[in-house]
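# Structural features, examined
If you want the building blocks of each chain, they are given just below.
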Amino acid sequence: AQAWQKALDTDAEWGMAEAGIRLEHHTLEPRNLSSSEAAVADFGDDPDSFWWGIATAPAHQEDGLDDAWLRFAREGNVRAWTNVPRAEERLRAWSEPETDIRLAAGLGVQVYRMGVDWGRLVPHCRLDEPDARKCRIQNVAALERYERILRMARGYGMKVMLTLFHHSFPLWGTWPSADVLAAANDRFTARDPHWHPRSSGSGTGAMWQHPNAASLFVAFGVDVVERLGHLVDFWVIFNEPVIYTSLSHCMGMWPPGPPITSMAVKVNCLTNPETGSLKAQLNMVAAHRRLYGLIRATESRRGWRMAPVGVAHLLMDTRPYSNYGEQSGKLDEATELFLKLFARYLFIDMLRDVLDFCGINYYGEEVIQNFEPATLPHEVEYSGNGRGISATGMVNVLAQFHSRYQDDDQARFVGPSGYGYVITENGIADGSDLLRPAYIIEHLAALHHARSVLGVPVRGYIHWTVTDNWEWADGYCPKFGLVAVDRDSPSLKRHPRGSYDLYRTIVGSRRVTASQRAAAWRTITDQSSTNGTHDVCRIGMSTLDRPLQMRILGGTPDPYGVVIDWRFNATRVTLESAGARRASTLLAAAMAFSKTTGIDPVAHGLARMATLSTAWEGFVLEQQARIDAMEAQQLQVSEYTQRLSGENGTHFMLDAMAHWVGLLDYPPAPPQPPAPPQPPAWLSRAPGRRGAACPPPGPRPPPLRPTLRRPFGRRRPRPTLHARAEPSSAWVAASHPPAAAAATASRAAAGAACRAARPCRSLASPPSPCRPASPPSP
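A few points on the structure. Every chain is numbered independently, its residues counted from 1 as its sequence is written. In keeping with the model being predicted, local features are shown solely for residues with a pLDDT of at least 70 and side-chain atom pairs are shown and tallied solely at 80 or more, while totals for entire chains, interfaces and linings include all residues. Excluding hydrogens and water, the side-chain values take into account all heavy atoms of the structure.

## Comments concerning helix α16 (residues 498-509)
Helical segments are the DSSP runs of H or I of at least four residues, strand segments are the runs of E of at least two, and each set is numbered from the N terminus. The length a helix should cover is 1.5 Å for every residue beyond the first. Between its terminal C-alpha atoms α16 stretches 17 Å, which fits the 16 Å expected from 12 residues at 1.5 Å a residue. Whether a residue is buried, partly exposed or exposed follows from its accessible area with a 1.4 Å probe, protein chains only, as a fraction of its type maximum: under 20%, in between, or over 50%, in that order. Every buried residue of α16 is listed here: S499, Y500, L502, Y503, T505, I506, V507 and S509. A positive backbone phi angle near 60 degrees is found at R510, which sits one or two residues after α16.

## Some words on the state of the cysteines
Simply put, disulfide is the name for a covalent bond between the sulfur atoms of two cysteines. Note on disulfides: each one is a pair of cysteine sulfur atoms within 2.5 Å. For the structure shown, the criterion picks out 2 disulfides. The disulfide partner of C125 is C135, and the S-S distance across this bridge is 1.8 Å. Disulfide C125-C135: the torsion about the S-S bond is 80 degrees, which places it as right-handed. Residue C125 is located in the loop between α5 (118-121) and α6 (140-155), and its partner C135 is located in the loop between α5 and α6; the two are separated by 10 residues in the primary sequence. Residue classification places C135 among the buried residues on the basis of a relative accessible area of 2%. One disulfide in the model links C477 with C537; its S-S distance is 2.0 Å.

## Brief notes about the environment of L337
Tracing the sequence through the fold places L337 in helix α13 (residues 331-351). You can call L337 buried: its relative accessible area is 1%. Through-space distance from the C-alpha of L337 to that of T318 is 8.8 Å; in sequence the pair is 19 residues apart.

## Notes on the packing of aromatic side chains
A pair of aromatic rings is counted whenever rings of Phe, Tyr or Trp (Trp by its six-membered ring) have centres within 6.5 Å, and the orientation is called stacked for planes under 30 degrees apart, edge-to-face for over 60 and tilted otherwise. Evaluation of the coordinates by the stated rule reveals 42 aromatic pairs. With a centroid separation of 5.8 Å and an interplanar angle of 90 degrees, the aromatic rings of W69 and F72 are classed as edge-to-face. Residue W69 and its partner F72 are located together in helix α3 (residues 68-74), separated by 3 residues, close to a single helical turn. Neither W69 nor F72 differs from the other in exposure class; each is buried. Between W208 and F238 the ring centres are 5.3 Å apart and the planes differ by 80 degrees, which places this aromatic pair in the edge-to-face class. Taken together, the residues span a long stretch of sequence, with W208 in the loop between α8 (178-188) and α9 (213-228) and F238 in strand β5 (residues 234-239) at a distance of 30 residues. Each member of the pair W208 and F238 is classed as buried. In this structure, R404 is placed above the aromatic ring of Y345, and the distance from its NZ or CZ to the ring centre is 4.3 Å. To sit over a ring, a charge needs its Lys NZ or Arg CZ within 6 Å of the ring centre and within 35 degrees of the ring normal.

Structure (structure tokens):
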């Protein structure tokens, strides 16, 4: 641990002359601030206890790179790409690396995060290659050039954090063969939207799902460690593995595609450990473990200093839609919990004993509605790539993460020999540079609070990024850079923004002052008071070729009269409830049960909660028959699993998630009247929520409605499965014409009475006293 804290090697420029690189040395002296000026965040004078950095990645920057993203874009799957000059050149970081390295060094940062591209170094291989040694590094000239680039960064006085996998699987493993792709197209398009793959695979290429993927990646890593290890100060094996496996394997939004439209397929791919995202993550875990041992063995054999090994893990501060005054039932709360369990903790749980540091990528908050991000343009300030801005959210995720792992003896990164946490990415897409100064300052104030008040051992902060670049499926629309790029210029000329100078000043002084904070927020309120706007390139999950103009909201009241203020506020920090922590343990039991029995309870439980389709009833029947057969044969299913079993044929995950939601720190649901049946979810609003909606003029088939059940531990024999859906209007009309007519007449009368009392209101309208009567039951 002490070796990790040593300063940069005295021979930082060793070998520079051999590499043929000439550097223009200059000393930067950031402006010194008056020591008497009040500081809202002070990070001390010791660069070993806390340091600053800047981040890049190969697929964002490197020209001459024939990778999966280039093919994906050429096929028309990347927005804001074909309408941008010199799109394939990216930032020319391969042919002209010193341009951006010099800009990074100009900030005065201590760490430069970059990566190497697997496909560039190993251009020829195949996933079913039985001998992984044949897929070691083949492009030796490219490896030598990476070595020169690392030496260049160190020659500018920066340590190197090297990422081995940053969202780019080699071409030879990304696109499946023609017959596999044809079968996937047949099964995963809207022609069969409710097809359930179970254990047969996800919707896209094999990539990290393939059993050979881990061995092939380790073979690539062997040569990288041997050749570049002595120049690396921090290793990041994987960047955002959960996001990559989800968007690539389960959504089809990233290479190779195609986009997946079936919610059933998406949920199965995300939750079934036999396929999709979880299977890919398990292979990534295996690769990380082998590379961790390889790095340690190589360091010992070669006599190198120990470089901390970690992962860059994306965390979002998620909130259910109902937190913003909208009633959408328990579904959004359950979905938010689901995201926390599958996207926040699971991957780290599987690696915590081989992580010297835990890297956190944090950009903002997500409001969850119906399994997808919601957009609230009048309540939430959004960045250019559609993320809600919340500085307090950074403290929330850090505090919740540290609360989970600080007493875990297996979590190496918080143990005596661990390096702690590192903010491996934090930044905002803001081409106007109006929001970025306040964003940087507020997140550093939040980080200071997490370190000094809550005791979270954060050792470094890395900003994303130096220059505007290619941002995955969003193309060149989001502007994350501290430096703008003129893509119309043949030389891709760089123009530092005002936030470049601000970050350089903060890095030099190692603190944020009250005057800096006030000035940055004043810029926001001045813009909002004059209806100022900024560019937004993504709405929910949809990306745009050209940005929309969204009004700046900071300092203005939302529709409820609450002033929108996304600055850090310590009183808004929320710690995780005991229920959510317990839920993750139950999730592990669910995964073990699924892997043991072949039953996928999570997928069909969530699908039922999401009221996807009555077609799921057949699948539930089939799974229930398998469970009943197991019990009839007296198979050894654990008592723990049986206690989680639900009633009426729906397996335990629905009950478990409903119970977990009840343990969260949300107010209890209002009491429901015992008598007539509840109207459909789209017709009613719970008491205390905004605007009651007037009923539509005609009948509409109601959805399936999950119900909360008794707490765990109270068992009784499970009755025979029966459908819990209200009958559809078409079935009623066919089977009971008088009843259908009566229901239609009653609904029309209720709608007329409601509209006569008060016109129908939109979601942004004040509360309405309208409460339409429930239609009579057929």
